[in-house]
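# Examination of the molecular architecture
Each chain, letter by letter, is given below.
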Amino acid sequence: MSNTAKIRRQGGAAVFSIPPALLKMLGVDVGAELTLVVDNGALVATPLKPKKRYTLAELLEGSDEMIELSRQAAGWDTGGPVGNEIL
């Protein structure tokens, strides 16, 4: 796909618009970050890898084991001394 864009001044920056079809081809949306490189006189824009977005299932993975560990450790601060602890 070929497209043209006109560079314009906006505040102190020079900007141009990226058509929605090109954004879709890059797999990005407004607000995405791009790495810009000049390669043989061509401007190459590469999307940065987005931060991983976890599903609820991924976030809760291993939580059953944490419940058991919490149960085992529940009395650590209320139990009596078992050695030469300073009270």
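Everything here concerns the structure above.
Residues numbered from 1 in each chain as written. Predicted model: local features only at pLDDT ≥ 70, side-chain atom pairs only at ≥ 80, totals over all residues. Heavy atoms only, no water.

## Quick look at the overall build of the protein chain
This is how it is decided: Numbering of helices and strands runs from the N terminus, with a helix taken as a DSSP run of H or I at least four residues long and a strand as a DSSP run of E at least two residues long. In this description the radius of gyration comes from C-alpha coordinates, and the expected globular size is given by 2.2 Å times residues to the power 0.38. Burial classification: accessible surface area is computed with a 1.4 Å probe over protein chains only, and a residue below 20% of its type maximum counts as buried, one above 50% as exposed, and the rest as partly exposed. Any two residues having at least one pair of non-hydrogen atoms within 4.5 Å are treated as being in contact. His is not counted, nor are the chain ends, whereas Lys and Arg count as positive and Asp and Glu as negative. In this description, the location of a charge corresponds to atom NZ of lysine, CZ of arginine, CG of aspartate or CD of glutamate.
For the protein chain, the count of helices and strands is 3 helices and 4 strands. Reading the protein chain from its N terminus to its C terminus gives the helix and strand order β-β-α-β-β-α-α. Expected size for 87 residues packed as a compact globule is a radius of gyration near 12 Å; at 27 Å, the protein chain overshoots this value by more than 25%. In terms of overall dimensions, the protein chain has C-alpha extents of about 75 × 30 × 25 Å along its principal axes. With 87 residues in all, the protein chain has 2% of them scored as buried. The long-range fraction of contacts in the protein chain, counting pairs at least 24 apart against all pairs at least 6 apart in sequence, stands at 5%. With 9 positive and 10 negative side-chain charges, the protein chain shows a spacing of 22 Å between the two charge centroids.

## Structural notes on the pairing of strand S4 (residues 42-47)
Convention followed: We call two strands paired when DSSP finds no fewer than two bridges between them.
Taken together, the 6 bridges between strand S3 (residues 34-39) and S4 define a ladder with antiparallel strand orientation. Considered in S4, the bridge of Leu34 is made with Pro47. The turn joining S3 and S4, which pair antiparallel and follow one another in sequence, is formed by 2 residues; a positive phi near 50° is taken by Asn40.

## Topic: unusual backbone geometry
Backbone geometry places Asn40, a non-glycine residue, at a positive phi of 50°. For Asn40, the location among the structural elements is in the loop between S3 and S4. A relative accessible area of 81% means that Asn40 is categorised as exposed.

## Observations concerning a nonpolar patch on the surface
Spelled out, the test is: Note that patches include only residues with greater than 30% relative accessible area and no salt bridge, and the join distances are 9 Å for like charges and 5 Å for nonpolar side chains (Val, Leu, Ile, Met, Phe, Trp, Tyr). Computed with a 1.4 Å probe, the accessible areas rest on the Shrake-Rupley method; for each residue, only the protein chains presented here act as cover. Should a side-chain nitrogen of Lys or Arg be within 4 Å of a carboxyl oxygen of Asp or Glu, the pair is scored as a salt bridge.
Judged by side-chain polarity, Ile7, Phe16, Ile18, Leu36, Val38 and Leu43 come together as a nonpolar surface patch covering roughly 610 Å² of accessible area. Structurally, Ile7 can be placed in the segment before strand S1 (8-10).

## Describing the pattern of salt bridges
Close approach of charged atoms allows side chains with opposite charge to pair. Inspection of the entire model under this criterion finds 1 salt bridge. Here Glu68 and Arg71 are joined by a salt bridge, their closest N and O atoms 2.5 Å apart. With a gap of 3 residues between them, Glu68 and Arg71 both fall in helix H3 (residues 63-73), about one helical turn apart. The class of Glu68 is partly exposed, set by a relative accessible area of 32%.

## Side note on the environment of Ala14
For Ala14, the position within the fold is in strand S2 (residues 13-15). Spatially, the C-alpha atoms of Ala14 and Thr78 are 65 Å apart, while their sequence positions differ by 64 residues. When neighbours within four sequence positions are excluded, Ala14 is seen to be in contact with Ile7, Arg8 and Arg9.

This is a description of form; function is not addressed.
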